[in-house]
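# Inside the fold
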Amino acid sequence: MGAGHAHTLYVHEHSPVHRLPPETKVLSAFLFVAVVAVTLREAIWAFGIYTAMEAALVLLSRVPVRFVLSRLIAIAPFVVFALFLPFIGVGKDIDVLGISLSSEGVWAMWNVLAKATLGATASILLAATTEIPEIVKGFGRLRVPAVITGIASFMIRYLEVIAGELSRMRTAMTARGYDPRWLFQARPIAASAGTLFVRSYERGERVYDAMLSRGYSGVMPALDTRSATRWEWLGSLAFPLLAAAVALVAVTTS
Amino acid sequence: MAAVEVADLHYTYPDGQAALAGVSFRVTQGERVALLGPNGAGKTTLAHHLNGIRRADRGVVTVGDLTLGDDTLDEIRKRVGLVFQNPDDQLFMPSVGEDVAFGPANLGWSGTELEDAVSGALRSVGAADLKSRVPHHLSGGERRRVSLATVLAMNPSILVLDEPTSGLDPAGRRELIGVLQSLDVAQLVITHDLYFALELCSRALIMDAGVIVADRRTADLLGDEQLLKRHRLELPYRT
């Protein structure tokens, strides 16, 4: 239970990016991804600039390059899908090494690859420089309703507790000789999911009792009063603004 | 004046099982009292009645000069610091600091008043350096002490602790005894750890089948082997 002191997406560092208030980073990452998504796919140079911007951010935040690349594996399914596009696109109008490909398909592949990679890198950098509770706090400061951020923070708080319970249940099953290989052996797993649900429900009741005991009256107290300064906003938003300028130039010169 | 007084408390669970069958006792201010008894005796249920988490079918709970009722519920929850058996139920906020701040913030405290309450409570349990930590990354002993801090921050007049030593190693248990002895507040301690009770509390109650069956000085009570045996209790070794 006490193991695993930092979550796997976070890189402990003391960089200017780490120090930025979470709400500015959440908004900037969102805007950057949005700008990348609407950039014309034909403006290859624009994607070059975006990549350079993200590379600069990686250096500034002192997140190891290898860390970012290894987390990028998450988008592998999209990459595999994209690689098929030149073969299944309509109209085989170009010929590469004797294989006829669809130029529309090649553009579609490039579009998916470039945007997915840039978008995923932005989220990886956000998570690597901001601890998860801070991200939730950032959403709260961006006026996301307290019910939503409340649910998110309880989920984060209890995810490890419930995962721990699940792994103890699996250990207990294994200890009594359960070694599922076939589908018909799945029944105990389904039963354990039910047990886990009931246990979590009961825990929810106990936690609610604990909250009542300390004066909870239906509204989470406002503990978070700090907000970002103008300079912090400016420093953070400079990133998506620069990207937006690039996208704009790409539109006007196309 | 009693820190807490309970008179003829009755409670039956919705499934018909009687948990409290006429419980009466009082804890005076500054006194530390152990509540002993077998599993299923109704100890935890009783604890949940002391701050109105559960409401009795019959009987009266008085905390200081207040009688528990709908209009006094908020003030009584401030005065009675209930620490749950499992720290994972007690600690639900993303960080230790926020968790300790939860109670006093619900009382309407803010700014430096709130910060002082949080740092004061953490300091009193020797956990000042844990403020920014995540609750599920703490050791068992740290969780216990932080759980205690979450209610101390509300400046209660009585602490009700539900099996505070369960799952603690000997050093963690020793630290907890030190912390509890240093606190100048009435304490009702539910425990199966009889030496813990002996060391901490001058007086002990035995509860069985929903009633208090013994109320004596802890040393006398633990010396009565027949009494302990009748209520499924025993000292770890006999002299």
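First, a word on scope: everything that follows refers to the structure included in this document. These figures come from a predicted structure and were not determined experimentally.

### Here we look at the packing of aromatic side chains
Residue and element names in this part refer to chain A. Scanning the entire structure with this criterion turns up 9 aromatic pairs over all chains. Their ring planes at 80 degrees and their centres at 5.9 Å tell us that Phe32 and Tyr50 sit as a pair that is edge-to-face. Of this pair, Phe32 sits in helix 2 (residues 22-38) while Tyr50 sits in helix 3 (residues 44-61), and the two are 18 residues apart along the sequence. Judged by its relative accessible area of 0%, Phe32 falls in the buried class. On the numbers, 4.8 Å between centres and 35 degrees between planes, the contact of Phe32 with Phe239 is tilted. Of this pair, Phe32 sits in helix 2 while Phe239 sits in helix 10 (residues 230-253), and the two are 207 residues apart along the sequence.

### Here we look at the pattern of salt bridges
Here the idea is simple: oppositely charged side chains can pair when their charged atoms come close. For the structure shown, the criterion picks out 24 salt bridges over all chains. Arg41 of chain A is the salt-bridge partner of Glu42 of chain A, the closest N and O atoms lying 3.3 Å from each other. We classify Arg41 of chain A as buried; its relative accessible area is 19%. The salt bridge partner of Arg55 of chain B is Asp70 of chain B, with a shortest N-O separation of 3.2 Å. Remark: Asp70 of chain B occurs in the loop between strand 5 (66-67) and helix 2 (73-79) and Arg55 of chain B occurs in the loop between helix 1 (43-50) and strand 4 (58-63); sequence separation between them is 15 residues.

### Some words on the sheet that holds strand 4 of chain B
Residues and elements named next belong to chain B. Read across the open sheet, the 4 strands follow the order 2-1-4-5; overall the sheet is antiparallel. Taken across any chain shown, the strands that pair with only one partner, and hence form the sheet edges, are strand 2 (18-28) and strand 5. Judged from the 2 bridges that link them, strand 4 and strand 5 form a sheet pairing that is antiparallel. Note on strand 5: the bridge partner recorded for Val63 is Leu66.

### As for the interface of chain B and chain A
The partner chain A presents 30 residues to the 31 residues of chain B that form the contact. Carbon and sulfur atoms make up 57% of the surface buried where chain B meets chain A, a total of about 2600 Å² over both sides. When the buried area of chain B at its contact with chain A is split by residue, Phe92, His136 and His137 of chain B rank highest and sum to 25% of it. On inspection of chain B and its partner chain A, the count reaches 4 salt bridges. In this structure, Asp99 of chain B engages Arg214 of chain A in a salt bridge whose closest nitrogen and oxygen atoms are separated by 2.9 Å. One can count 11 residue pairs in polar contact (both at pLDDT 80 or more) joining chain B with chain A. Elements with a contribution of two residues or more to the side of chain B that touches chain A: helix 3 (87-90), helix 4 (96-106) and helix 6 (140-152) of chain B. Ranked by residues supplied to the side of chain B that touches chain A, first place goes to helix 4 of chain B with 7 residues.

### Some thoughts on the environment of Val63 of chain A
Residue and element names in this part refer to chain A. Relative to the elements of secondary structure, Val63 occurs in the loop between helix 3 and helix 4 (65-71). Sequence separation between Val63 and Glu13 is 50 residues; the distance between their C-alpha atoms is 7.8 Å. Once residues lying within four places of it in the same chain are set aside, the contact partners of Val63 are Val11, Val58, Val68, Leu125, Ala128 and Thr129.

Cut-off values and rules
Per chain, residues are indexed from 1 in the order of the written sequence. All chains are assigned letters beginning at A, and all ligands numbers beginning at 1, according to the order in which they are written. Two thresholds apply to this predicted model, a pLDDT of at least 70 for residue-level local features and 80 or more for giving and counting side-chain atom pairs, whereas whole-chain, interface and lining totals are computed over all residues. As a rule here, side-chain values cover all heavy atoms of the structure and leave hydrogens and water aside. What counts as a ring pair is set by centres within 6.5 Å for rings of Phe, Tyr and Trp (its six-membered ring), and what kind of pair is set by the plane angle: stacked under 30 degrees, edge-to-face over 60, tilted for all other angles. Under the DSSP-based scheme used, a helix requires at least four consecutive residues in state H or I and a strand at least two consecutive residues in state E, with every element numbered from the N terminus. Think of it in three bands: residues with accessible area under 20% of the maximum for their type are buried, residues over 50% are exposed, and the middle band is partly exposed, with areas taken using a 1.4 Å probe on protein chains only. Should a side-chain nitrogen of Lys or Arg be within 4 Å of a carboxyl oxygen of Asp or Glu, the pair is scored as a salt bridge. In this analysis, strands are considered paired if DSSP registers two or more bridges between them. Contacts were defined at the residue level, with two residues in contact if any of their heavy atoms lie within 4.5 Å. Once two parts are joined, some of their accessible surface, as seen by a 1.4 Å probe, is lost; buried area is that loss totalled over both. Counted as a polar contact is a pair of N or O atoms within 3.5 Å, where, for protein atoms, one must be capable of donating a hydrogen and the other of accepting one, and residues adjacent in sequence contribute only when both atoms are in side chains.

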